[in-house]
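As a plain string of letters, each chain reads:
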Amino acid sequence: MYSFEKGQRPLNPYLAGAITGGLVALSVVATGKFFGASTTFARAGAALVNMISPEHGASLDYFVRYPFAVDWQLLFLVGIFVGSLLSSTVNGTFFIDVVPELWRERFGARTWLRLFTAFLGGVLVAFGARMAGGCPSGHGLSGVMQLSMSGFVSLAAFFVGGVAMARIIYGRS
Amino acid sequence: MFVSIMALVTGAVFGVLMQRSEVLRYDRQLGALLLEDMTIVKFMLSAIVVGSVCIYALLGMGLVSLSVKSTVLGTNLVGGVVFGIGWALLGYCPGTAVGALGEGRVDALVGMIGMVFGAVLFAELYPFTKLSLFSWGNIGKVTMPGFTGTGPWIWIVGLAVVAAGLCFLFERNDL
């Protein structure tokens with residue numbers, strides 16, 4: 001199960017990033033689509049609410065604006081999942097894991113604590129991303145490479161919140 | 001059909017690139033937020049620099065059009081900080097969580113379930129407030145060159161110089 005040792009040397013992040021930059025450009029030329037990820041979670045939320053109560057779903061303005069749809073971005077995320085699954089399986093870095101190493105060193109191997117924190121983090125991530133209008137893909141990569149002001153402002157804010165919270169969680173190291 | 005296939009293929013290539021460069025890892029994401037491991041920052045900076053050169057070159061040739069999001073300073077800043085707090089707790093952002101699940105990380109899946117609930121929470125609060133409390137600083141869909149009345153290439157060169165400087169510092173300090 002734990003085949004970490006077999007893993008190959010990681011790909012140089014500069015090279016991987018540079019290819020990613022070209023990939024965004026290719027995607028925009030071919031289909032007009034810039035990278036983004038967080039809208040899909042809003043659309044999934046719309047699907048969830050509409051499953052429980054369609055009337056309530058119809059009363060939420062935000063979900064009327066962002067109804068569930070199998071759109072470009074959902075398929076893009078499916079692609080990321082498949083690509084990562086294939087890549088990790090081939091190079092031997094796939095393994096089922098609940099508590100990341102760095103977390104385990106600091107807080108121990110208690111599964112419930114890690115999963116509770118991950119859930120809470122996920123709630124804040126989506127709430128913040130929808131409020132800011134995007135996540136590190138939409139604002140950070142696509143926004144900044146288009147030199148959009150919202151991209152620069154949001155990316156800076158992501159890191160301000162993240163660096164502050166990481167310090168609170170892990171303290172001075 | 002073509003667009004759907006392109007979406008899947010583009011995502012898959014992006015997934016492989018992120019998996020192979022380890023930017024999907026919790027340890028790498030927290031490493032960046034603790035300012036100890038800049039792998040994800042290097043990845044983002046080089047993607048942004050190469051992407052901006054390609055996008056603006058293609059724009060000059062009339063082959064692409066931009067898709068700029070509105071700048072609302074209040075929501076960008078407050079939402080951005082809320083996102084950052086969640087990012088440090090979860091250790092993945094929306095795109096990398098999906099990829100991390102692909103390499104077997106269960107905590108990323110629970111984070112994604114949390115994201116769906118976070119989006120529902122946002123939608124529930126949206127009609128009452130329309131986030132009016134935070135909607136100050138609405139500048140519209142502006143780019144930095146458009147806002148300042150300068151050409152894009154000076155910004156791209158500036159971005160490249162800043163990125164190169166940062167990466168030089170990262171490498172020198174072994175981050």
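Residues numbered from 1 in each chain as written. Chains lettered and ligands numbered in written order. Predicted model: local features only at pLDDT ≥ 70, side-chain atom pairs only at ≥ 80, totals over all residues. Heavy atoms only, no water.

Novice: Please explain the pattern of salt bridges as it appears in this structure.
Specialist: Opposite charge on two side chains permits them to pair, given that their charged atoms come into close proximity. For the structure shown, the criterion picks out nine salt bridges over all chains. Linking Arg 114 of chain A and Asp 107 of chain B is a salt bridge whose minimum nitrogen-to-oxygen distance equals 2.9 Å. With Arg 114 of chain A in helix H7 (residues 111–132) and Asp 107 of chain B in helix H6 (residues 106–129), this pair bridges two chains. Taking the shortest distance from any N to any O, the salt bridge between Glu 103 of chain B and Arg 25 of chain B comes out at 3.7 Å. Taken as a pair, Glu 103 of chain B in the loop between helix H5 (94–102) and H6 and Arg 25 of chain B in the loop between helix H1 (2–20) and helix H2 (26–33) lie far apart in primary sequence, 78 residues in all. Three or more residues joined by partner-sharing salt bridges are found here, namely Glu 22, Arg 25, Arg 28, Asp 37, Glu 103 and Arg 105 of chain B. (Salt bridge = Lys/Arg side-chain N within 4 Å of Asp/Glu carboxyl O. Helix = DSSP H or I, 4+ residues; strand = E, 2+ residues; numbered from the N terminus.)

Novice: Would you mind showing me how to read the UniProt feature "transmembrane region" (unreviewed entry) in chain B here?
Specialist: Residue and element names in this part refer to chain B. Residues given the UniProt feature "transmembrane region" (unreviewed entry) here are residues 41–59, 109–129 and 150–171. For residues 41–59, the helix share is 100%, the strand share is 0%, and the end-to-end C-alpha distance is 26 Å. Segment residues 150–171 splits into 91% helix and 0% strand. End C-alpha atoms: 32 Å apart. (UniProt positions renumbered as here; feature names shortened; annotations may be inferred.)

Novice: Explanation requested: empty space enclosed by the protein in the structure shown.
Specialist: In this approach, a probe sized like a water molecule rolls over the atoms, and the result shows the empty space that is left. A complete count under the given rule lists two cavities of 30 Å³ or more for this structure. In this structure, the largest cavity occupies an estimated 170 Å³ of space. Around the largest cavity, the lining comprises 14 residues; the ones closest to its centre are Pro 136 of chain A together with Met 18, Met 44, Cys 93 and Thr 96 of chain B. Elements supplying a minimum of two residues to the lining of the largest cavity: helix H8 (136–145) of chain A together with H1, helix H3 (39–60) and H5 of chain B. Residues belonging to the lining of the largest cavity are distributed by class as follows: 10 nonpolar, four polar and no charged. (1 Å grid on protein atoms, 1.4 Å probe; cavity = no way out; pocket = protein on both sides within 12 Å on 5 of 7 lines; lining within 4 Å. Points joined across faces, edges and corners; volume = space filled by probe spheres on them. Nonpolar A, V, L, I, M, F, W, Y, C, P; charged D, E, K, R; others polar.)

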